[in-house]
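Chains, contacts and geometry: an overview
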Amino acid sequence: MDDAVPATQATVALRNVSKSFVDRKRGRETIALSDVTLEIGKSEFVCILGPSGCGKSTILNLVAGFEKPSSGAVLIDNRPITAPDRSRGMVFQQPLLFPWLNIIDNITFGPRMAGAPPQQYAPQAERYVQLMGLTGFEKHYPYELSGGMQQRVALARAWISEPELFLMDEPFGALDAQTRLMMQELLLRVWERSRTTVLFVTHDIDEALFLADRIFIMTARPGRIKENLVVDFERPRNYETIIFDERYITLKQRVLQVIRGETLLAMKLEVE
Amino acid sequence: MPRLYLRLVSVAAVLVVIGAWFIAAKLQLVDPLFLPGPIEVMTTAEQLIDEGYRQVSLWMHILVSVARALFAFFIAAITGIPIGLLMGRSPIFNAVLDPFVQFLRPLPKLALIPLVVVWFGIGEVSKFVLIYLSTFLTIVVSAASAVMSVPEGRIRAAQSLGVNRQQLFRHVILPSALPELFTGVRVGIGIGWTTLIAAEMIAASSGLGWMVINASSYLRTDVVMLGILLLGTIGYLLDLAIVTTQRLMVHWMGKG
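The rules we used
Residues numbered from 1 in each chain as written. Chains lettered and ligands numbered in written order. Predicted model: local features only at pLDDT ≥ 70, side-chain atom pairs only at ≥ 80, totals over all residues. Heavy atoms only, no water. pLDDT = per-residue confidence, 0-100. Helix = DSSP H or I, 4+ residues; strand = E, 2+ residues; numbered from the N terminus. Core = buried A, V, L, I, M, F, W, Y, C linked by side-chain atoms within 4.5 Å. Buried < 20%, exposed > 50% of the residue type's maximum accessible area, 1.4 Å probe, protein only. Contact = heavy atoms within 4.5 Å. Buried area = accessible area lost by both parts, 1.4 Å probe. Salt bridge = Lys/Arg side-chain N within 4 Å of Asp/Glu carboxyl O. Polar contact = N/O pair within 3.5 Å; in protein donor to acceptor, adjacent residues only side chain to side chain. Nonpolar A, V, L, I, M, F, W, Y, C, P; charged D, E, K, R; others polar. Expected span 1.5 Å × (residues − 1). Arc of directions from axis to C-beta. Phe/Tyr/Trp six-rings, centres within 6.5 Å; stacked < 30°, edge-to-face > 60°. Lys NZ or Arg CZ within 6 Å of the ring centre and 35° of its normal. Domains from an automatic or database assignment.

Moving on, we come to the confidence of the model for chain B. Atom-level detail of predicted coordinates should not be read off regions where pLDDT is low. All names here are of chain B. On average, residues of chain B carry a pLDDT of 92, and 100% of them reach 70 or more. Considering each helix and strand of chain B separately, the mean pLDDT is smallest for helix H5 (residues 113–120), with a value of 91, and largest for helix H3 (residues 58–89), with 95. For this predicted complex, the interface score ipTM comes out at 0.87, while the overall pTM is 0.85.

Structure, rendered in C-alpha cells:
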C-alpha cells in the first residue's frame, strides 16, 4: 500500500494569546492561558504535554474556532480564525460518533454535508475503512463497536475530509494500554503518508515522545508554554526500537523533571 | 432473568388478581353493588354492544373518546414539537414563553374547566382545548429540554466536519433530541388520555369518560367498571403504539 493519502498542510501560530473564563462557582476569573506564543510549521506533528487543568484543551478549542482568545491572535496560514470549519479536523477523547448512523454513514458525514457526489466519497470511504481496519463493520452501528474501533471510525471520519490541520484532544486517553499503542502506531502509519499538520494534546509522556516532532510542555494555571523540546527520532518510527534509544531516555528524564515540578504546583493549586 | 420468564410472571400476576376478583364476587364477599364480578361486567359489555348505553353503542363511545384524544394529541404534537425545538435553540424565544409554560404545566387542568366553558361553551371545542392544552405543554417542555441536552461535544464534532446552521439542526440536533422527544410524546399522550375524563365531564352525551360519570349517578357500577377497564386498556394500547414507533425510529436508544 503506497498510495499516498493526499493532503495540504497548514501552519499554526499563536501570538501572545491569553484566555480567561469567569468561574461561576468561585465568582472570580480563572486564567486558562497566559501569553502563549507558539509556531507550528507545515507537516509538523506537535504534542502539547501538561498536567490536567493547564489549558491544553483550551489551545485546541481556540485553534478549532470553538472559542475566541481574550487577547492575542490565533492564526492559520497567517489568517485569523473566525469559526470552526472542515479544513481543521478534530478528534476528541470520546469518539462522539452519531449513534443513529452506521459506520460508513458516520465516516462519510463530512463529504455528504459538503454536497460531494457519492461516486467521489464512496471509494475514499472504502479506503479509510481498510486503512483503519474496519472492513466488515461498514453497516454496523457505533454501539456495536469497541471503544478502540469507535475511535478509529472517528479518525476516518475526520481524515476523509482531508483537513490541512488535525486537532487531537487526548484521542487515545480513554483506551486501554494495548489498544492505545495499536492506535498510536496506526495513526503514525497513516500520518506518515498524509503528513497533515497535527496538534496533539496529551498527558502521556511516552505517547508524546513516540508521536511528536516537537513537544510543548505547559505549566499549570495560568497555562504557559514552559519548554519546547525537539524529538528527532527518524521516521518511520518503531516503538520497540525507540524506547531503548539513549536519546529517548534523556528526553524522558528531561520531560519528567519539568512535569514533576508542574504537577506538584497544580496539586497545590487544586488544594487551594 | 430471561425476558420471557418475566413476561410470564406479569401474566400470572394479572390472572391472580382477576381470579381473586372472580372469587370475591362469586362468594359475595363484597356487596355486588360495590364490586360486580368479572362475569357480570362481561355480560354488561355484551349488552352494551347490542343495545348501547343511553342510545349510543359501546363502539361509538370508544370511537368518540379515542377520536377526541387522538385529534387533540396530533394537533398538540404538530404545534408543540416545533415550538419546543425553537425554545431549545433560541434563548430569547425561550425567555418569552417559559414563564407561561411553567405556570400552566403544573396547573391541574380541572381548574380551567369553568373558564374553558365560559370561553368556548359546552361543545367539542372546550373538550379539545382541555386535552390539547395538557398534551401540548408536556410536549413543548420535553422538546425544549431534549434540544438543550444535546451533548456539546457532538455539536462541536459536527461543526469541525463543516456543517452549517441548518445542517447542524437537521442532521445532528434533531436526531440527537429524538429519543427524549419520543419520551415526551409518550408522557403527553398519557396525560391527554387522562384529561379526557375531565373533558368529558363538561356536558357531553357520549364518550367513555362521560359513560363512566353518567353510570355512576345511576349506581351502575358494572358500567363504571367496564368503562374503567376500557379506559385503562386503550390507554395502555396508545402507549404501546408510541413505544413501538419509538423502538423502530430510535433503534440506538439506550445502547452504548
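Further remarks concern the nonpolar core. With 73 residues, the main nonpolar core has Phe98(A), Phe109(A), Trp193(B) and Met211(B) as its most contacted residues. With sequence-adjacent residues up to four places away left out, Trp193(B) is seen in contact with Ser65(B), Val66(B), Ala69(B), Leu231(B), Ile234(B), Gly235(B) and Leu238(B). Counting residues in hydrophobic clusters, the runner-up holds 53 residues, among them Phe45(A), Leu49(A), Ala125(A) and Trp159(A).

Moving on, we get to the interface of chain B and chain A. Taken together, the contact pairs 19 residues of chain B with 21 residues of chain A. Roughly 1900 Å² is buried in total at the junction of chain B and chain A, and carbon and sulfur atoms are behind 70% of that figure. Contact with chain A buries surface across chain B, with Arg156(B), Ser160(B) and Leu161(B) losing the most and accounting together for 35% of the total. Across the chain B-chain A interface, the total number found is 1 salt bridge. Two residues, Arg156(B) and Glu67(A), come together in a salt bridge whose shortest N-O distance is 3.5 Å. Where chain B touches chain A, the interface holds 3 residue pairs in polar contact (both at pLDDT 80 or more). Breaking the side of chain B that touches chain A down by element, the ones donating at least two residues are helix H7 (152–160) and helix H8 (165–201) of chain B. The element that contributes the greatest number of residues to the side of chain B that touches chain A is H7(B), accounting for 7 residues. When its residues are assigned to classes, the side of chain B that touches chain A shows 7 nonpolar, 9 polar and 3 charged.

Bringing helix H2 (residues 38–51) of chain B into the picture now. All names here are of chain B. In this model, H2 (14 residues) spans 20 Å end to end at C-alpha, consistent with the 20 Å of a helix rising 1.5 Å per residue. For H2, the full list of buried residues reads Pro38, Val41, Thr44, Ala45 and Leu48. Seen along its axis, H2 keeps its buried residues to an arc of 115°; they face one direction. Turned more than 90 degrees away from the buried face of H2 sit Ile39, Met42, Glu46, Asp50 and Glu51, all of them exposed. Of the surrounding secondary structure, the elements contacted by the buried residues of H2 are helix H1 (3–26), H3, helix H9 (208–217) and helix H10 (221–249). Positive phi appears at glycine 52, one or two residues downstream of H2, with a value of about 80°.

In this section: the packing of aromatic side chains. The way to describe two aromatic rings as a pair is by their centre distance and the angle between their planes. One pass over the full model with this rule turns up 16 aromatic pairs over all chains. Of note, Arg157(A) hangs over the ring of Phe98(A), and the distance from its end group to the ring centre comes to 4.9 Å. Above the ring of Tyr218(B), the side-chain terminus of Arg54(B) is found at 4.2 Å from the ring centroid.

When cut into domains, chain B gives domain 1 (1–30) and domain 2 (41–151 + 181–241). Averaged C-alpha coordinates put domain 1 of chain B and domain 2 of chain B at centres separated by 29 Å.

Its location among the elements puts Glu67(A) in the loop between helix H1 (56–64) and strand S4 (71–76). Residue class for Glu67(A) comes out buried when judged on its relative accessible area of 18%. Polar side-chain contacts of Glu67(A) include one of 3.5 Å to the side chain of Arg156(B). Among all residues touching Glu67(A), those that are not within four sequence positions of it are Lys19(A), Phe21(A), Thr58(A), Asn61(A), Leu62(A) and Arg156(B).

Moving on, we come to the pattern of salt bridges. All told, the structure shown has 17 salt bridges over all chains when counted by the stated rule. Glu227(A) is the salt-bridge partner of Arg254(A), the closest N and O atoms lying 2.9 Å from each other. Of the two residues, Arg254(A) is situated in helix H9 (residues 246–271) and Glu227(A) in strand S10 (residues 225–230); the sequence distance between them amounts to 27 residues. Exposure remark for Arg254(A): the relative accessible area of 33% places this residue in the partly exposed category. A relative accessible area of 18% places Glu227(A) in the buried class. Ionic pairing is found between Arg186(B) and Asp239(B), a salt bridge with its closest N-O pair at 2.8 Å. With Arg186(B) in helix H8 and Asp239(B) in helix H10, this residue pair connects regions lying 53 residues apart in the sequence. Ionic contacts of the salt-bridge type, sharing partners, join the residues Asp232(A), Glu234(A), Asp245(A) and Arg247(A) into one network.

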